[in-house]
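Structural characterization, general
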Amino acid sequence: MSAETTGSRDFSDSEHRLRSMRLGFRAWRGRRPFWAGLLTIAGGVPIMYFPYANMHLGNVTLAMSTTAGAGSLIIGVLLVTLGLTMWFHHVVRTFAGIAAILLALISLPIANIGGFVVGFLLSMFGGALAVAWVPAKPRRRDQRAQAADGSPDGTAPEGDAAPGPRAQEPTTAAYETTVDANGGRNSAG
């Protein structure tokens, strides 16, 4: 490269498409509690898998089936559903996070100690992250763009604002006493 080049290279269509998809996914992930949903989904999988799994130890098959298999399947499916809800309907993230925490706690006695503690811990952390997540504040570029549109704080433009007190309305005059100003009632303090 010479000193005059900017250092950028020409991208082929597939590289450009891959880059734009990656940046689009990054923007999508930043607007929602992505890691909370991922951990909650990852916590639901072992909770619903272990009660139906058969482990092979040499020639011995160990069946993990329990009478609470249906309960653990329901808990696991609900956790996966709550994780997807955190991704695609992030407005209810607090509800989904609290529900994930409660289901993780319920999975301890019902679903083989919460999927051998792995599913329990993942679901607890996912629910806690969902409750703690808040959307990011707009960047300064976004605020400048809003200011150019006429809404500096994201509020309505000045023409649509609610009117304030009228200037012609009389206020309490200096010659009125407190009794007169309060409609004849004294305040006790």
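Heads up: the structure comes first, above all this text.
Everything numeric here is computed off the predicted structure, so don't read it as measured data.

1. Here we look at the overall build of the chain
When you go through the chain residue by residue, the secondary structure sums to eight helices and two strands. Traced from its N-terminal end to its C-terminal end, the chain shows the element sequence α-α-β-β-α-α-α-α-α-α. Split into buried and exposed, the 189 residues of the chain put 24% on the buried side. Looking at the chain alone, contacts between residues at least 24 apart form 66% of all its contacts between residues at least 6 apart.

2. Structural notes on the nonpolar core
If you look at the biggest cluster of nonpolar residues, it comprises twelve residues: A36, I47, I75, L79, L82, M86, A96, A99, A100, L103, A111 and A130. Elements with a contribution of two residues or more to this core: α2 (34-49), α3 (69-88) and α4 (93-110). What L82 contacts, discounting residues up to four positions off in sequence, is A96, A99, A100 and L103. In terms of nonpolar packing, the next biggest core, distinct from the first, is built from five residues, W28, F34, V80 and W87 among them.

3. Notes on unusual backbone geometry
Within the chain, N112 stands out as a residue other than glycine whose phi angle is a positive 50°. Phi at F116 is positive, roughly 55°, even though this residue is not glycine. Residue class for F116 comes out partly exposed when judged on its relative accessible area of 39%.

4. Observations concerning the environment of F116
Considering the arrangement of structural elements, one finds F116 in helix α5 (residues 112-116). With 69 residues separating them in the primary sequence, F116 and I47 have C-alpha atoms 8.0 Å apart.

5. Side note on the layout of surface pockets
If you add up the space inside the largest pocket, you get close to 310 Å³. Of all the secondary structure elements, the ones that give two or more residues to the lining of the largest pocket are α1 (13-30) and α7 (140-149). Residues of the lining of the largest pocket, tallied by class, amount to four nonpolar, two polar and five charged.

6. Description of the pairing of strand β1 (residues 54-57)
With four bridges connecting them, β1 and strand β2 (residues 60-63) associate as antiparallel partners. From the neighbouring strand, N54 faces β2, where its bridge partner is A63. Remark: two residues form the turn of the hairpin made by β1 and β2, two consecutive strands paired antiparallel; G58 in that turn has positive phi of roughly 70°.

7. A word on the side chain of S107
Mapping S107 onto the fold places it in helix α4. Those residues in contact with S107 that sit more than four places away from it in its chain are I47, I75, N112, I113, G114 and F120.

8. Remarks on α2
Quick reminder: α-helices carry 3.6 residues per turn. Residues three or four places apart thus point the same way. The terminal C-alpha atoms of α2, which comprises 16 residues, lie 23 Å apart, in line with the 22 Å expected from a rise of 1.5 Å per residue. Looking at the buried side of α2, the elements it contacts are α1, α3, α4, α5 and α6 (118-132).

About the cut-offs
- Residues numbered from 1 in each chain as written.
- Predicted model: local features only at pLDDT ≥ 70, side-chain atom pairs only at ≥ 80, totals over all residues.
- Heavy atoms only, no water.
- Helix = DSSP H or I, 4+ residues; strand = E, 2+ residues; numbered from the N terminus.
- Buried < 20%, exposed > 50% of the residue type's maximum accessible area, 1.4 Å probe, protein only.
- Contact = heavy atoms within 4.5 Å.
- Core = buried A, V, L, I, M, F, W, Y, C linked by side-chain atoms within 4.5 Å.
- 1 Å grid on protein atoms, 1.4 Å probe; cavity = no way out; pocket = protein on both sides within 12 Å on 5 of 7 lines; lining within 4 Å.
- Points joined across faces, edges and corners; volume = space filled by probe spheres on them.
- Nonpolar A, V, L, I, M, F, W, Y, C, P; charged D, E, K, R; others polar.
- Pairing = 2+ DSSP bridges.
- Expected span 1.5 Å × (residues − 1).

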